[in-house]
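# Breakdown of the fold
Single-letter residue listing:
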Amino acid sequence: MAENVTEHKSSIEKSGDDIAEVVHYDTHPSPDEMAEAIAAAKLSAWSRYDGSIFGSLPAMESFRDRFDVGKTGPKLGYISAMYTVGTVVSLPLTGPACDFKGRRMGILIGSIIVVLSTILSALATNTSAFVAGRFFLGFGVSIVRCASSIWCAEISPPAYRGVLTAFYNCTYAVGALMAAGVTRGSVRYAGDAQWRIPVWCQLICPAIVAAFVMFFPESPRWLYAHNCEKESLEFLTTYHGEGNPRHTLVRMQIEEYRQVISLNGSDKKWWDYSDLYKTRAARWRMLNALIPSVWGQCSGNAVVSYYLPAMLMTTGMTRSDQILNINLGYTAISAVASYVGASLIEKMGRRPTSIWTSVACSLCFAGITAGTGIFAATKAQSAASAGIAFIFIFGWCYNFGMTPLQALYPVECLSYEQRGKGLAFVFAFVHCLAFVNQFCFPISLQDIGWKTYIVFIAWDLIQATISYLFSVETKGRSLEEMTEIFDAPNPVKASLRKIKSSSNV
């Protein structure tokens, strides 16, 4: 039986203003808007560099000798997991750091912590010092990642929010590519310089960000929520209305702020997390915010990123230069895939992307399992090559779909009052899962080898089912319009109502 579908009207249409004017201005981003997007991209790039560099260090003999670790095993898992512990411990401070003095201040605080932690790690002569550096690195990156994700989404015009915020997170892949390239280049050096050079390079981007972030504009939503409506209107006029305070898009957004953003919400109270759970709509928002972030850790990408050297060992590869070459190629393919996916995110939609990416990841792990399993039994090089090929295919599929969603979707689902603390909670929860991945996966690889991959075949299909049942569609709506979706009796059905087309404008 055909389903009755109600057309959804955007705030622009509800206002009765000229949609053609809005479309015209929204299709021509200003140089200032692009500069803001590039700044946000830089934040994402170095966050990924920091987070992914450890995937290459265990392949270096000098690193293993200095800290007495192997390519797999419990001690390596312990060192790796301390980054995650830092991100989890930062939870009580991350939300307030984003809310109290603005998104820019949160970015600045996190950047300074990352700079100091990098110095500690780069100068480490023993495991304790290196582990301490990893801990504070995770602490700082958590604050920066939360603040910069929110900042990027909140400053973007509605028509560009999906693409700009998705591209922001895709620069993670560029950071990973930088990490893979630097570690591949430093392998030719002898002694500790081999691993210290990549660690020292972590300083570059956060130092630049710390020096210049306060020169960028503050989020107009944060300004409005802190009784600075005049400054918020000035931002919208300058960046979204081409200097015209009466522009339709400017008037629409400021009116939405007045209707939706609270001037005395829980974001003003560092201890108050009640907006994350006190209403049914709040719980739906948190569930949807968690979905792409949890999938980002549990689809299998986390274990591939951190333990690619160990995975390649199950296909018979043991030489450091071989492993680093494969890692560089894998990262390059992942970077390209993420940008292709981000450019198509508005056409594909958030919900279908989550569902079908999970299915694709399951199929890829079936191929990885088959290739590595046959190699383990027969030592056939063709089977090993097939396993490696499916690792690359997995990298494409995962980064095409999941990477654009991880920064975009949670910010879209959370209300303004939830956004700082909610995103901090999402990151902390996800990093608890990462802790399990980082500590248990190398032990599992060491003990049962290729059989470890079987769990991801089933889990990725479970992910697809959960996304089908609970994920809402957010494209085509402003951040404030999501209130209408989550207040509905069935948010999923409400989000799938057709948006009235304005293609004839």
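Bear in mind that the values here come from a model prediction, so they are computed numbers and not experimental data. (Residues numbered from 1 in each chain as written. Predicted model: local features only at pLDDT ≥ 70, side-chain atom pairs only at ≥ 80, totals over all residues. Heavy atoms only, no water.)

Another point: the pattern of salt bridges. Following the criterion strictly, the structure yields 14 salt bridges and no others. Arg258 is paired through a salt bridge with Glu229; the nearest N and O atoms lie 2.5 Å apart. On the criterion of sequence distance, the pair formed by Arg258 in helix H14 (residues 248-260) and Glu229 in helix H13 (residues 229-240) is long-range, its members being 29 residues apart. Note on Arg258: relative accessible area 42%, which makes it partly exposed. Note on Glu229: relative accessible area 30%, which makes it partly exposed. Note that Asp275 is salt-bridged to Lys278, the shortest N-O span being 3.1 Å. Lys278 gets classed as exposed once you look at its relative accessible area, which sits at 52%. (Salt bridge = Lys/Arg side-chain N within 4 Å of Asp/Glu carboxyl O. Helix = DSSP H or I, 4+ residues; strand = E, 2+ residues; numbered from the N terminus. Buried < 20%, exposed > 50% of the residue type's maximum accessible area, 1.4 Å probe, protein only.)

Bringing the nonpolar core into the picture now. In this structure, Cys146, Leu312, Phe365, Phe394, Leu423 and Val426 are the most contacted members of the largest nonpolar core, which totals 61 residues. Formed by 20 residues, the second largest nonpolar core is a distinct cluster that contains Phe67, Met82, Ala122 and Val131. (Core = buried A, V, L, I, M, F, W, Y, C linked by side-chain atoms within 4.5 Å.)

Per-chain confidence: the protein chain averages 83 in pLDDT, with 85% of residues scoring 70 or above. Confidence, expressed as mean pLDDT per element, reaches its minimum in the protein chain at helix H2 (residues 19-26) with 43 and its maximum at helix H12 (residues 220-225) with 96. Here residues 18-29 scores under 50 on pLDDT; set against residues more than four positions off or in separate chains, the count is 24 contacts. (pLDDT = per-residue confidence, 0-100. Contact = heavy atoms within 4.5 Å.)

Right, let's get into the packing of H13 against H14. Look at H13 against H14: their axes get within 9 Å of each other, and the N-to-C directions meet at 150°. Taken together, the axis directions place H13 and H14 in an arrangement best described as roughly antiparallel. In this structure, H13 crosses over H14, and the sense of that crossing is right-handed. In this structure, H13 uses Glu229, Ser232, Leu233, Leu236, Thr237 and His240 to contact H14, whose residues at the interface are Leu249, Val250, Gln253, Ile254, Tyr257 and Arg258. For the contact of H13 with H14, the residue count by class is 6 nonpolar, 4 polar and 2 charged. (Axes fitted to C-alpha atoms, helices over the stretch in contact; angles between N-to-C directions. Parallel < 35°, antiparallel > 145°, perpendicular 65-115°, else oblique. Left-handed = near helix turned anticlockwise from the far one by under 90°. Nonpolar A, V, L, I, M, F, W, Y, C, P; charged D, E, K, R; others polar.)

So, on to the packing of helix H17 (residues 320-348) against helix H18 (residues 350-378). In contact at an axis separation of 7 Å, H17 and H18 are set at 120° when each is read in the N-to-C sense. Here H17 contributes Ile345, Glu346 and Met348 to the contact with H18, which in turn contributes Arg350, Pro352 and Thr353. Of the residues in the contact of H17 with H18, the class split is 3 nonpolar, 1 polar and 2 charged.

Right, let's get into the environment of Cys201. Its location among the elements puts Cys201 in the loop between helix H10 (193-200) and helix H11 (204-212). Among the residues examined, Cys201 registers a relative accessible area of 26% and is labelled partly exposed. Separated by 19 residues in the primary sequence, Cys201 and Val182 place their C-alpha atoms 8.2 Å from one another. Aside from chain neighbours lying at most four places away, what touches Cys201 is Tyr49 and Val182.

Next up on the list: helix H5 (residues 74-89). Over its 16 residues, H5 extends 21 Å from the first C-alpha to the last, a length consistent with the 22 Å expected when each residue adds 1.5 Å. Where H5 bends most, at Ala81, the angle is about 30°. Buried residues of H5: Leu76, Gly77, Ile79, Ser80, Ala81, Met82, Tyr83, Thr84, Gly86 and Thr87, and no others. (Expected span 1.5 Å × (residues − 1). Bend = angle between axes of the 7 residues up to and from the residue.)

Let us now look at unusual backbone geometry. For Glu242, which is not a glycine, the phi torsion comes out positive at approximately 50°. With respect to the element layout, Glu242 can be found in the loop between H13 and H14. Residue class for Glu242 comes out exposed when judged on its relative accessible area of 54%.

Take the packing of aromatic side chains next. Scanning the entire structure with this criterion turns up 21 aromatic pairs. Geometrically, the ring pair formed by Phe235 and Tyr239 is tilted, given 4.6 Å between the ring centres and 35° between the ring planes. Taken together, the positions of Phe235 and Tyr239, both in helix H13 and 4 residues apart, correspond to about one turn of that helix. Here Phe235 falls in the buried class, since its relative accessible area comes to 5%. Since its relative accessible area comes to 16%, Tyr239 is described here as buried. What links up through ring pairs into an aromatic cluster is the set Phe365, Phe394, Tyr398, Tyr453 and Phe456. (Phe/Tyr/Trp six-rings, centres within 6.5 Å; stacked < 30°, edge-to-face > 60°.)

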